[in-house]
Amino acid sequence: MAETHVLFVEDDDVIREATTLALERDGFVVTAMPDGLAGLESFRADRPDIALLDVMVPGMDGVSLCRRIRDESTVPVIMLSARADSIDVVLGLEAGADDYVTKPFDGSVLVARIRAVLRRFGHANGVHGGGPGSEGADAGERGVLTFGDLEVDTEGMEVRKAGAPVALTPTEMRLLLEFSSAPGTVLSRDRLLERVWDYDWGGDTRVVDVHVQRLRTKIGQDRIETVRGFGYKLKA
């Protein structure tokens, strides 16, 4: 099995060295950079499997770096933030990050979150076959679900709106597959955290809310409905 290459951008020398060692002990190959500009250069040169970005780094902050990476790639991104209630968390998610981890963090927790994101990436790219819910909605052809002008190919992992392809990140694809598997059914934020983010413990529902909003901008604002106090549902 090929080794997983992690790009880690962190300006604190102690955190950068300790985290690099912890990740390497778990079998990851790590390229550690002290600032955002060096991180961008490394990303373009090495094309890592996942990027781990601290929000507050010099040269180019983590949010801006995440945005630049997302302009060029769907590679999964995890943001690191020193404050769980920081606006930087939401900004990072809006910039295209798949998840975030609050500092200080336990090494085992960070590894678990990295592996969870990588599993989502593999599933959304069809590594383990077709996605969930091939029986719902109007399937005009095998594996293709139709919701108005929205088509979701659960086997080819492709989405089209009014015939035009829609580019989704792996996490957005997993989220849409979850909605597509139960059109018209209200899905709670906790269920989405468990099924899409692989959280089997309580998580921050802001992750869900921001990704739903990002998904809406791509497939149509009225396609996913908010059910106050309960969650979201895909309009059939």
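The structure displayed is predicted, hence computed values, not measured ones. (Residues numbered from 1 in each chain as written. Predicted model: local features only at pLDDT ≥ 70, side-chain atom pairs only at ≥ 80, totals over all residues. Heavy atoms only, no water.)

A. Unusual backbone geometry, seen in detail. The amide bond that connects Lys-103 to the next residue, Pro-104, takes the cis arrangement and shows omega of -5°. Inspection of the secondary structure puts Pro-104 in the loop between strand E5 (99-102) and helix H5 (107-124). Unlike most non-glycine residues, Arg-47 shows phi in positive territory, near 50°. With respect to the secondary-structure elements, Arg-47 resides in the loop between helix H2 (36-46) and strand E3 (50-54). Residue classification places Arg-47 among the partly exposed residues on the basis of a relative accessible area of 43%. Positive phi outside glycine occurs at Ala-162, with the angle close to 55°. By the secondary structure assignment, Ala-162 is in the loop between strand E9 (158-161) and strand E10 (164-165). (Helix = DSSP H or I, 4+ residues; strand = E, 2+ residues; numbered from the N terminus. Buried < 20%, exposed > 50% of the residue type's maximum accessible area, 1.4 Å probe, protein only.)

B. Quick peek at the sheet that holds E5. Taken together, the five strands give an open sheet; going across it, the order is E2-E1-E3-E4-E5, and neighbouring strands pair in parallel fashion. The two strands at the open ends of the sheet, each matched to only one other strand, are strand E2 (29-33) and E5. Each adjacent strand pair in this sheet contributes to an overall mean axis angle of 20°, direction not counted. As judged from the four bridges shared by E3 and strand E4 (residues 77-81), these two strands associate in the parallel manner. Bridge pairing in E4 links Leu-53 to Met-79. (Pairing = 2+ DSSP bridges. Axes fitted to C-alpha atoms, helices over the stretch in contact; angles between N-to-C directions.)

C. Examining helix H6 (residues 170-180) more closely. A large share of H6 lies buried, amounting to 11 of its 11 residues. If you check which residues of H6 are buried, you get Pro-170, Thr-171, Glu-172, Met-173, Arg-174, Leu-175, Leu-176, Leu-177, Glu-178, Phe-179 and Ser-180.

D. Broad picture of the side chain of Asp-98. One can find Asp-98 in the loop between helix H4 (87-94) and E5. Assessed through its relative accessible area of 1%, Asp-98 is described here as buried. Side-chain polar atoms of Asp-98 contact the side chain of Arg-70, separated by 3.3 Å. Those residues in contact with Asp-98 that lie beyond four places of it in its chain are Arg-70, Val-75, Pro-76, Val-77, Leu-93, Val-117, Arg-120, Thr-169, Thr-171, Trp-197, Val-207 and His-211. (Polar contact = N/O pair within 3.5 Å; in protein donor to acceptor, adjacent residues only side chain to side chain. Contact = heavy atoms within 4.5 Å.)

E. Summary view of the pattern of salt bridges. The tally for this structure, following the rule as stated, stands at 16 salt bridges. A salt bridge links Arg-113 to Asp-99, with the nearest nitrogen and oxygen atoms 3.1 Å apart. Of this pair, Arg-113 sits in helix H5 while Asp-99 sits in strand E5, and the two are 14 residues apart along the sequence. Summarising the burial analysis for this pair, Arg-113 and Asp-99 share the class buried. Residue Glu-158 pairs with Arg-160 through a salt bridge whose shortest N-O separation is 3.6 Å. Relative accessible area serves as the criterion here: at 44%, Glu-158 is assigned to the partly exposed category. (Salt bridge = Lys/Arg side-chain N within 4 Å of Asp/Glu carboxyl O.)

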